[in-house]
Amino acid sequence: MSNNTLYDKLWNSHQVRETDEGASVLYIDRHLVHEVTSPQAFEGLRIADRKPWRVDSVLATPDHNVPTTDRSKGIEEAVARIQVETLDSNCEEFGLTEFKMDDPRQGIVHVVGPESGATLPGMTVVCGDSHTSTHGALGALAFGIGTSEVEHVLATQCLIQKKSKNMLVQVDGQLRDGVSAKDMALAIIGEIGTAGGTGYAIEFGGEAVRALSVEGRMTLCNMTIEAGARAGMVAVDEKTIEYVRGRTYAPKPDQWEQAKAAWADLHSDDGAEFDRTVMIDGATIEPQVTWGTSPEMVLPVGGSVPRPEDEADSVKRGNIERALAYMGLEGGQAITDIKLDKVFIGSCTNSRIEDLRDAAAVINGRQVAETVNQALVVPGSGLVKRQAEAEGLDKIFTEAGFEWREPGCSMCLAMNADRLGDGEHCASTSNRNFEGRQGQGGRTHLVSPAMAAVAAIAGHFVDVTQDAEKEA
Amino acid sequence: MDAFTTLNGLVVPIDRANVDTDAIIPKQFLKSVKRSGFGPNLFDEWRYTDVGEPDQDCSGRPVNADFALNQPRFSGAQILIARDNFGCGSSREHAVWALLDHGIKVVIAPSFADIFYNNCFKNGVLPFALSADDVDRIFKEIDANEGYRLQVDLAAQHVTLPSGETMNFEIDNFRKECLLQGLDEIALSLQHADAVREYEAKRKQDAPWLFAS
């Protein structure tokens, strides 16, 4: 009887051979490319006079640098414009498919991949971006790589890899109403820490994970890297198959049954053994808010910022003191007392249609607080934007005082013009609250889309599960 | 890639855990399409007191005198030591390029984030882990001794302290050989080309939907 984990199966089915040194030559099915981590890789190919091994495995789109305001005049900042133009010219030179900035299918590469069917169950998926773990939601082995490895995959269709250990994060029970996949992800990181998954591939399982939509699973897998693991994944089920059906690059009708049969095995066997198992009760997860400068510095919205003096370990105490100083917070301060200057709804973590629906649903005719300087909604792709507009979500946001933008990474990492000012507090649906991440001196609080929307209205954090006015 | 064999270098301490790649090289500098020139912006937000911009001359910028890289006693350091989970966050290889461009060839910490760790080896930078206690001891010794140097020997997999004492470190054989010889990993992988073609032909039969017609 087989006792493989999902990760074992994905690994074994892509191992071309083992090297003499005990590493594996791993075959890569899908290579996603964006403008920031690829120019030096293409340059490397040119210098060595190499060509891409398999052009049909590559899908490119610019996302990090693109403006989210009117694009008819192009990109104002010269260095950013050159980087996007460099992606265009590299894709043209090497014959690669690209959804360019003016293409209606352009968007954040981790939104575009699943949405277009370019990422499918059973695939190996890589991209020069740590949030490639997102695609594991479809039952794929997906992980981020550096630029040298981008060049390596372009040239060889393979990576030389050592297999990671297996971790199961099992979330049992049912999430409460108003608690989302984002809260689950943050609660898991709070539990195991930002290095808790280092050296592991994480499979998420249990009743609460199976109950998530495929988009919710993407949010969960997206944040795997914030727990230190390069890859996160969820077993294939009926929801996965229904999600994939009919998408542009999904199997055509004549191959559909064969594909479905192949995908039926993409789950851990009953007797599979994991090197580490973490059990979490989904029913106890509350809406989460980060208070510090690492995703593990997270608390339920009803909590209070930690006091350094309560921490016995001197290194940890120093970390708390430094984080509080940077964040401009006092130990013991209630999370709900943190006042917000900006709100950002977007990023590869939370910019899909369900995220926008979740955020719009809690607004209920209310207005963004006057004390909030800016509230942005940045859809993950052109297709998400169009869908949201068809549902009238854009009107709900703009009537409440949110700005409705063009798709891209935007204020998640502030490579374009969307950023925080020095000392500004932001409720953000993105994935990293590092110092300076959203702009130098900016103070990021990671939350779910619904939590961000109610925070925009109140001007401070509130518990969305207790927000009586969210429903008429 | 340059080979790495041994190094006797001055050590600069970055006394923080979870040093992320956004801190090592902030996002505005990622707009470059080159691999070089990132050194002056290494740890930009910690190193300078103003806001850095790409393509700016950094020589006249106001510096944070407390930050280790700005202290004359650590000038010319080739070894960097930090606390747990060094290099977490983004996959940006620019972080390694910035360290290297500044002259850092060895990074020591109790633990590393996977992608950063991997990226180091592609650029001739040696990262290795020592126990948290050993790292803590080195921090204290640096503090007490100006001009503190370590002798790193990759083939022997150990680092020698000024006292003459050695500490061993782990590294897998493939990475070690690539680094010792400065090997081109793509050329190495292309030696498996026939096996890859064979795998690919079988995959095309088993999963034809993965191959555009």
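Now for a quick tour of the structure. (Residues numbered from 1 in each chain as written. Chains lettered and ligands numbered in written order. Predicted model: local features only at pLDDT ≥ 70, side-chain atom pairs only at ≥ 80, totals over all residues.)

Per the secondary structure count, chain A includes 15 helices and 19 strands. For 472 residues, the compact-globule formula gives about 23 Å, and the C-alpha radius of gyration of chain A, at 22 Å, lands near that figure. Taking the principal axes of its C-alpha atoms as reference, chain A extends roughly 55 × 55 × 45 Å. Counting the 472 residues in chain A, one finds 60% classified as buried. For chain A, the share of sequence-separated contacts (at least 6 apart) that also reach a separation of at least 24 residues comes to 77%. (Helix = DSSP H or I, 4+ residues; strand = E, 2+ residues; numbered from the N terminus. Rg over C-alpha atoms; globule rule 2.2 N^0.38 Å. Buried ≥ 20, exposed ≤ 12 C-beta atoms within 10 Å, placed from the backbone. Contact = placed C-beta atoms within 7 Å.)

Time to look at the overall build of chain B. Of regular secondary structure, chain B possesses eight helices and seven strands. Burial analysis of chain B (213 residues in total) assigns 44% to the buried set. Excluding contacts between residues fewer than 6 apart, the proportion of contacts in chain B whose partners are at least 24 apart in sequence is 66%.

Attention shifts here to the interface of chain A and chain B. How large an interface is tends to be reported as the accessible area lost when its parts come together. Residue-level contacts link 58 residues of chain A with 49 residues of chain B. Residue assignment for the side of chain A that touches chain B shows that the elements contributing at least two residues are β1 (15-18), β2 (24-27), α2 (39-47), α3 (78-94), α5 (147-156), β8 (158-161), α10 (253-263) and α11 (314-327) of chain A. At six residues, the largest contribution of residues to the side of chain A that touches chain B is made by α5(A). Residue classes in the side of chain A that touches chain B are distributed as 23 nonpolar, 24 polar and 11 charged. (Nonpolar A, V, L, I, M, F, W, Y, C, P; charged D, E, K, R; others polar.)

Turning our attention to the sheet that holds strand β3 (residues 30-33) of chain A. Residue and element names in this part refer to chain A. The five strands lie next to each other as β5-β4-β3-β6-β7, forming an open sheet whose pairing is parallel. Looking at strand neighbours, the two that pair on one side only are β5 (97-98) and β7 (141-144), the edges of this open sheet. Relative to strand β4 (residues 58-60), β3 runs parallel, the two being bridged by three bridges. If you follow V33 over to β4, its bridge partner there is A60. (Pairing = 2+ DSSP bridges.)

The biggest cluster of nonpolar side chains holds 209 residues, and the ones touching the most others in it are A:V343, A:A455 and B:L99. Considering each element in turn, this core owes the most residues, nine residues, to helix α15 (residues 449-458) of chain A. Every residue in contact with A:V343, bar those within four places of it in the chain, is listed here: A:V372, A:A375, A:C426, A:A427, A:A452, A:A455 and A:A456. (Core = buried A, V, L, I, M, F, W, Y, C linked by C-beta atoms within 7 Å.)

Here the focus is the pairing of strand β10 (residues 200-205) of chain A. Residue and element names in this part refer to chain A. Counting buried residues along β10, six of its six residues qualify, which places the element largely inside the surrounding structure. Across the two faces of β10 the burial is the same, with Y200, I202 and F204 and A201, E203 and G205 all buried. Looking at chain direction, strand β9 (residues 165-172) and β10 are connected through six bridges and run parallel. What sits directly across from V169, in β10, is F204.

The next point concerns the sheet that holds strand β12 (residues 276-281) of chain A. Residues and elements named next belong to chain A. On the basis of which strands lie adjacent, the open sheet formed by four strands has the order β11-β10-β9-β12 and parallel pairing. Of all the strands in the sheet, the pair left with one neighbour each is β11 (231-233) and β12. In this sheet, neighbouring strand axes are inclined to one another by 20 degrees on average, regardless of whether the strands run parallel or antiparallel. In this sheet, β12 lies alongside β9 in parallel orientation, the contact comprising six bridges. Considered in β12, the bridge of M167 is made with R276. Strands in contact with helix α6 (residues 181-192) are β9 and β12; relative to β12, the strand with the most contacts, it is inclined by about 125 degrees. (Axes fitted to C-alpha atoms, helices over the stretch in contact; angles between N-to-C directions.)

A few words now on α5(A). Residue and element names in this part refer to chain A. Most of α5 sits inside the fold, with 10 of its 10 residues counted as buried. Looking at α5, one finds that the buried residues are T147, S148, E149, V150, E151, H152, V153, L154, A155 and T156. Immediately downstream of α5, the backbone of Q157 shows phi near 65 degrees, a positive value.

With that settled, consider the packing of α2(A) against α5(A). All names here are of chain A. In contact at an axis separation of 8 Å, α2 and α5 are set at 50 degrees when each is read in the N-to-C sense. By the angle class used here, α2 and α5 are oblique. Here α2 and α5 pass one another in a crossing that is right-handed. Of the residues in α5, those touching α2 at Q40, A41, G44 and L45 are T147, V150, E151, L154 and A155. Across the contact of α2 with α5, the residue classes break down as five nonpolar, three polar and one charged. (Parallel < 35°, antiparallel > 145°, perpendicular 65-115°, else oblique. Left-handed = near helix turned anticlockwise from the far one by under 90°.)

All names here are of chain A. Compared with an ideal rise of 1.5 Å per residue, which puts 14 residues at 20 Å, α11 spans 20 Å between its outermost C-alpha atoms and is within 8% of the ideal. Three or more residues of α11 are buried, namely N319, I320, A323, L324 and M327. An end-on view of α11 places all buried positions within 125 degrees of arc, on one side of the element. Those residues of α11 that are exposed and aimed more than 90 degrees away from the buried face are S314 and A325. Buried-residue contacts for α11 involve β19 (443-446). Positive phi appears at G328, one or two residues downstream of α11, with a value of about 65 degrees. (Expected span 1.5 Å × (residues − 1). Arc of directions from axis to C-beta.)

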